[in-house]
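# Topology and contacts: notes
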Amino acid sequence: MPDGQRSIDEGGAGRVFDIGIDGMTCASCVGRVERALGKVPGVSEASVNLATGRARVRAAAGTGIGALVETVEATGYQPRLEQVTLAVEGMTCASCVGRVDRALKAVPGVLDASVNLAAGTAVVRIPAGAVSAADLVAAVGRVGYEAKPASGSGEERAERQAARDEDARHLRRQLILAGALTLPVVVLDMGSHLVPGFHHWLLGWTSQQNIHLILFALATSVLFGPGWQFHARGWPALLRGGPDMNSLVALGTSAAWGYSVVATFAPGLLPAGTSGVYFEAAAVIVTLILLGRWLEALARGRTSAAITGLLKLQARTARVLRDGDARDVPIEEVVVGDRVRVRPGERIPVDGLVLDGSSFVDEAMISGEPVPVQKGEGDEVIGGTINRTGTFTFRATRVGADTLLARIVRMVEEAQGDKLPIQALVDKVTLWFVPAVMAAAALTCLVWLVFGPDPALTFALVNAVAVLIIACPCAMGLATPTSIMVGTGKAAELGILFRRGEALQTLRGAEVIALDKTGTLTRGRPELTDLEVADGFDRDAVLRLVGAVEAASEHPIAEAIVAAARAAGALPQAQGFEARPGFGVTATVEGKSVAAGADRLMREMGLDVAAFSAVAERLGDDGKTPLYAAIDGRLAAILAVADPVKETTPQAIRALHAQGLKVAMITGDNARTARAIAARLGIDEIVAEVLPGGKVDAIRALQQGGTRVAFVGDGINDAPALAQADIGIAIGTGTDIAIEAAEVVLMSGDLRGVVDALALSRATMANITQNLGWAFVYNAALIPVAAGALWPAFGILLSPVFAALAMALSSVSVLANALRLRRFAPPRAATTDGYRAVHTAAREGRTR
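Each value, and the rule that gives it
- In every chain, residue numbers begin from 1 and rise along the written sequence.
- Local features in this predicted model are restricted to residues of pLDDT 70 or higher, and side-chain atom pairs are both shown and tallied only at a pLDDT of 80 or more, whereas totals for entire chains, interfaces and linings draw on every residue.
- Note that the side-chain values use all heavy atoms of the structure and ignore hydrogens as well as water.
- A 1.4 Å probe rolled over the protein chains alone gives each residue an accessible area, and that area as a share of the maximum for its type sets the label: buried under 20%, exposed over 50%, partly exposed in between.
- In this description a helix means any DSSP run of H or I spanning at least four residues, a strand means any run of E spanning at least two, and both kinds are numbered starting from the N terminus.
- In this scheme, strands are said to pair when DSSP sees at least two bridges between them.
- UniProt positions are given in the numbering used here, feature names are shortened, and annotations may be inferred rather than shown by experiment.
- The residues that make up patches have over 30% relative accessible area and no salt bridge, and they are joined within 9 Å when like-charged or within 5 Å when they are Val, Leu, Ile, Met, Phe, Trp or Tyr.
- Surface accessibility follows the Shrake-Rupley procedure with a 1.4 Å probe radius. Residue values consider only the protein chains on display as shielding.
- Every case where a carboxyl oxygen of Asp or Glu lies within 4 Å of a side-chain nitrogen of Lys or Arg is listed as a salt bridge.
- Planes of paired rings set the category: under 30 degrees apart is stacked, over 60 is edge-to-face and the rest tilted, where pairs are Phe, Tyr or Trp rings (Trp by its six-membered ring) whose centres lie within 6.5 Å.
- Working rule: Lys NZ or Arg CZ, within 6 Å of ring centre, within 35 degrees of ring normal, means a charge sits over the ring.
- Taken from the helix axis, the directions to the C-beta atoms give the arc we talk about.
- Any two residues whose heavy atoms approach within 4.5 Å at even a single point are treated as in contact.
- Note on terminology: a nonpolar core comprises buried Ala, Val, Leu, Ile, Met, Phe, Trp, Tyr and Cys residues joined through side-chain atoms within 4.5 Å.
- Cysteine sulfur atoms are paired as a disulfide whenever they fall within 2.5 Å.
- Here a polar contact is taken to be a pair of N or O atoms separated by no more than 3.5 Å, where protein atoms must pair a possible hydrogen donor with a possible acceptor and residues adjacent in sequence count only if both atoms sit in side chains.
- Working convention: axes come from line fits to C-alpha atoms, limited for helices to the stretch in contact. Angles between N-to-C directions cover 0 to 180 degrees.

## Examining the pairing of strand β30 (residues 727-731)
The buried fraction of β30 amounts to 5 of the 5 residues, a majority that puts the element mostly inside the structure. Residue alternation in β30 divides its side chains into two sets, Ile727, Ile729 and Ile731 and Gly728 and Ala730, and both sets are buried. Relative to β30, strand β29 (residues 709-713) runs parallel, the two being bridged by 4 bridges. Counterpart to Ala710 in the pairing with β30 is Ile727. Here β30 runs beside strand β31 (residues 744-746); their pairing, made up of 3 bridges, is parallel. Bridging across to β31, Ile731 finds its partner in Leu746.

Okay, structure coming up:
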């Protein structure tokens with residue numbers, strides 16, 4: 001029994017749950033949780049242990065663990081939860097998905113399960129330790145499918161990809177064999193019907209009975225050779241009371257084949273005039289469905305192209321310095337603290353901090369910027385990026401699953417495995433769809449037997465088989481997950497990570513985009529933005545002297561001035577430094593008296609700042625506070641330090657407005673500065689002078705009246721607001737806490753990524769709507785046609801052969817439509833240089 005948490009049945013009288021809880025710090029916490037759990041309907045006893053951080057709950061057999069978990073969360077504490085991912089084999093249609101989903105959710109202790117047909121996975125959410133992976137695998141096995149835990153390791157991913165490739169190759173071989181056997185069946189049977197001369201020639205060569213025997217041999221080889229997979233899976237599923245697509249195919253082809261066998265070997269058992277054979281229908285149906293499955297396998301492989309591209313960015317080995325020697329070791333053997341040497345042209349194997357050496361590193365996979373970034377001692381390097389020029393040594397800080405690249409892959413995989421809210425309706429429909437189709441086929445057969453023209457039995461068989469074959473729900477099962485996989489994969493290429501698949505649906509409905517200012521609209525670090533000197537002064541000389549004075553200060557504004565001054569050259573040493581809070585700083589530099597600060601400092605020195613009044617007014621309108629510098633008692637310059645707006649921000653705001661969205665800014669800045677920035681950028685609403693804890697209230701205010709708000713932020717203090725918003729979007733250059741609280745992550749600091757994410761969300765949801773519309777309309781329209789609804793008015797019947805072709809094409813059409821998302825072009829990408837895909841490097845074939 002798991003140590004962390006478990007649920008057990010006790011004599012059928014009830015169930016005991018052992019729930020791990022985080023966040024309890026005192027006896028009051030214990031009492032609060034116990035009282036809350038005790039009020040849950042069905043709970044007879046609740047005992048909470050602060051030392052172990054667990055709650056033991058005795059409840060009636062009908063009480064689900066989900067209600068207990070929700071109660072703990074509502075009380076303000078965190079139940080320990082985990083996700084288990086299973087690789088599931090044998091699923092072929094939406095009915096399979098529904099069956100596996102229902103089986104997993106029925107396991108005691110399971111909170112939720114999301115089954116993805118396109119990915120062949122099931123993601124199960126459970127309280128930590130409540131259910132073993134073996135129990136989940138067994139539950140899947142009981143409904144007729146094979147499952148095994150998926151660890152998410154690179155080796156396992158490679159094995160799964162190899163298995164998918166082998167499955168595609170196997171289907172291709174089976175298709176070729178089936179096609180080779182089916183072709184003579186079609187020629188012998190259909191050729192005789194279409195070309196009278198060919199029919200007479202055949203009868204002159206052999207008898208009709210011998211032709212039937214040849215057709216029997218060929219069709220039987222198809223059904224029980226390449227087509228055996230349908231029978232091997234379909235009949236057991238039917239006998240278990242859970243028929244799926246394979247059951248429909250097996251039942252339909254067996255009916256056509258069995259009827260033809262009787263007509264061939266015992267025609268006297270059939271009514272007069274009904275002894276025709278349908279071997280060609282059975283053989284062609286199997287071949288066409290194999291064709292559809294092979295095309296599906298190829299298309300599914302392409303839906304995971306984003307993951308494959310990301311994995312190619314991972315280096316395979318690392319040159320590690322151990323015991324004074326440099327040795328190449330597999331990437332899996334690198335540990336935190338290892339010293340790693342990187343040479344020009346190599347991929348950086350893991351995340352770390354540079355110890356010595358310098359180089360330029362291509363970080364396009366993360367930032368989207370094509371210009372390599374200079375790295376030196378103390379700078380951070382990221383695994384998967386490319387070292388361009390120099391050689392350096394760095395200390396590994398994150399390895400294995402903790403590296404940024406591994407986290408990106410994990411985020412994309414989790415998003416691809418998610419189930420959108422729109423899928424819930426599909427699951428409910430498709431779970432009962434196959435039994436309904438079988439009932440419709442039986443009803444079709446009965447109606448034609450009773451009311452159909454002679455030979456009624458023939459008409460009844462043909463139309464019932466057509467209904468069974470055409471109504472396979474493959475297209476419905478693939479409609480949503482394939483679009484999610486391709487959409488989230490394309491997003492990853494554009495530097496947008498949807499951490500949760502449902503964010504694709506939620507983001508589309510956003511009405512207000514609320515933006516944090518610092519680090520989101522702006523660069524997030526103060527810079528010297530303005531410096532104008534009075535007559536008789538040299539700009540560079542003034543900057544050098546002021547920078548020398550400010551070098552002794554620890555104020556953030558001083559750091560920005562010093563950074564600008566040092567960029568222009570070395571700074572001299574200041575003597576007699578004095579800082580006067582609220583006024584400024586003074587010192588002596590190279591024998592000159594230098595002062596820098598507010599206008600009040602200048603007035604105290606007897607200096608008139610009126611000469612710079614026009615400049616000061618302009619700076620104020622821009623939301624900047626002017627500072628002044630004096631040298632040897634003369635007013636020398638006016639300067640301003642500000643956090644500048646990113647160059648791409650105005651374009652992003654215009655693009656958001658063009659999509660009909662309202663843009664709001666939430667900032668802790670004073671109202672005047674906020675108004676100035678908003679006026680310059682065209683922001684619609686301002687919430688200024690907000691304390692860190694007030695951002696949540698600001699989001700709630702924007703949400704009044706049901707308005708759906710997306711919030712974009714990057715800092716630790718943005719995490720609560722990201723969680724409160726209907727959709728949280730984190731800037732990937734920000735803190736890990738902000739990223740974990742968000743549903744969408746922009747890997748670069750470019751705010752135009754929000755525009756791309758919105759556009760891709762809308763494109764993906766439109767694609768899903770198209771797929772679902774096609775799948776449902778296809779079945780709703782063609783099932784009556786297959787049943788013979790057009791016969792009374794037009795004398796038209798749908799051959800089972802064409803039904804099989806239509807069924808195969810329906811799934812392929814859905815997959816092809818989903819793959820169109822790979823050609824999605826960002827609204828502004830065509831005119832923007834420097835913004836690249838997350839794995840541009842992989843697409844360009846750059847390897848270690």
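## Some remarks on the UniProt feature "transmembrane region" (unreviewed entry) in the chain
The sites that UniProt annotates as "transmembrane region" (unreviewed entry) are residues 175-198, 210-228, 248-270, 276-295, 429-451, 457-480, 772-791 and 797-819. In residues 210-228, helix accounts for 84% and strand for 0%; the two terminal C-alpha atoms are 25 Å from one another. For residues 772-791, helix accounts for 85% and strand for 0%, while the C-alpha atoms at its two ends are 28 Å apart.

## Looking at a nonpolar patch on the surface
A cluster of nonpolar side chains, contributed by Leu443, Leu446, Val447, Leu449, Val450 and Phe451, occupies part of the molecular surface with about 610 Å² of accessible area. Of note, Leu449 is situated in helix α15 (residues 433-451). A relative accessible area of 41% means that Leu449 is categorised as partly exposed.

## Quick word on unusual backbone geometry
Asp454 connects to Pro455 through a cis peptide bond whose omega is -5°. Mapped onto the elements, Pro455 comes out in the loop between α15 and α16 (456-470). Unusually for a residue other than glycine, Glu590 sits at a positive phi of about 50°. Checked against the element boundaries, Glu590 lands in the loop between β23 (584-589) and β24 (592-597). Accessibility expressed as a relative area gives 49% for Glu590, which makes it partly exposed. The phi dihedral of Asp632 falls on the positive side, at around 50°, and the residue is not glycine.

## Topic: the environment of Ser811
With respect to the helices and strands, the residue Ser811 is situated in helix α31 (residues 800-819). Measuring from C-alpha to C-alpha, the distance between Ser811 and Ala479 comes to 8.5 Å, with 332 residues separating the pair along the chain.

## Considerations on the pattern of salt bridges
Between side chains of opposite charge, pairing is possible as soon as their charged atoms come close. Following the criterion strictly, the structure yields 23 salt bridges and no others. With a shortest N-O distance of 2.6 Å, Asp338 and Arg322 are connected by a salt bridge. In this pair, Asp338 sits in the loop between β11 (325-330) and β12 (339-342) while Arg322 sits in strand β10 (residues 317-322), placing the two residues 16 residues apart along the sequence. Of the residues examined, Asp338 reaches a relative accessible area of 9% and is grouped as buried. Note that Asp351 is salt-bridged to Arg398, the shortest N-O span being 3.2 Å. With Asp351 in strand β13 (residues 351-357) and Arg398 in strand β18 (residues 392-398), this residue pair connects regions lying 47 residues apart in the sequence. On the basis of relative accessibility, which here comes to 0%, the residue Asp351 falls in the buried class. One connected set of salt bridges, linked through shared partners, spans Asp101, Lys105 and Asp112.

## Some details on the packing of aromatic side chains
Using the criterion set out here, one finds 9 aromatic pairs in the structure. Aromatic pair Phe392 and Phe394: ring centres 6.3 Å apart, planes at 45°, arrangement tilted. An aromatic cluster of three or more residues is present, and its members are Phe216, Phe224, Trp228, Trp257, Phe265 and Phe279. Above the plane of the ring of Phe583 lies Arg600, whose end atom (NZ or CZ) is 5.9 Å from the centre.

## Considerations on helix α4 (residues 133-142)
Every buried residue belonging to α4 is among Leu136, Ala139 and Val140, and all of these are buried. Down the axis of α4, the buried side of the element spans an arc of 95°, and every buried residue falls inside it. α4 presents Ala134 and Arg142 as exposed residues on the side facing more than 90 degrees away from its buried surface. Buried residues along α4 sit against β6 (81-89), α3 (94-105), β8 (121-127) and β9 (146-149). Phi for Gly144, located one or two positions after α4, is positive at around 100°.

## Remarks on the nonpolar core
Ranked by size, the top nonpolar core spans 133 residues in total, and within it Leu86, Met91, Leu104, Leu136, Phe498, Ile513 and Val754 carry the most contacts. Tallying contributions element by element places helix α29 (residues 752-787) first for this core, with 13 residues. If near-sequence neighbours (up to four positions away) are discounted, Ile513 is found in contact with Leu656, Leu661, Lys662, Val663, Ala664, Ala710, Val712, Val754 and Leu758. Listed in part, the 40 residues of the second largest apolar core include Ala560, Ala629, Ala630 and Leu639.

## Things to note about the environment of Ala652
Relative to the helices and strands, Ala652 resides in helix α24 (residues 649-658). You can call Ala652 buried: its relative accessible area is 0%. Residues Ala652 and Gly753 lie 101 residues apart in sequence; the distance between their C-alpha atoms is 8.2 Å. Beyond its immediate sequence surroundings of up to four residues, Ala652 is in contact with Leu751, Arg752 and Val755.

## Some details on the state of the cysteines
Inspection of every chain in the model, using the stated rule, returns 0 disulfides. Looking at Cys26, it has no disulfide partner, and the nearest cysteine sulfur is the one in Cys29, 3.7 Å off. By relative accessible area, Cys26 is classed as partly exposed at 31%.

## A word on the side chain of Thr220
Relative to the helices and strands, Thr220 resides in helix α7 (residues 208-224). Within the local environment of Thr220, its side chain forms a polar contact with the backbone oxygen of Phe216, the two atoms lying 2.6 Å apart.

## Concerning the sheet that holds strand β7 (residues 112-116)
Strands pair in a sheet through their backbones, by hydrogen bonds, and they do so in one of two ways: parallel or antiparallel. Spatially, 4 strands are ordered β7-β8-β6-β9 in an open sheet, and the strand pairing comes out antiparallel. Of all strands in the sheet, those with a lone pairing partner are β7 and β9, marking the two edges. Within the sheet, the average angular offset between the axes of one strand and its neighbour, ignoring direction, is 25°. Here β6 runs beside β9; their pairing, made up of 4 bridges, is antiparallel. In the strand pairing of β9, Val88 is matched with Ala147. Of the strands in this sheet, β6, β8 and β9 touch α4, which is tilted by about 165° from β9.

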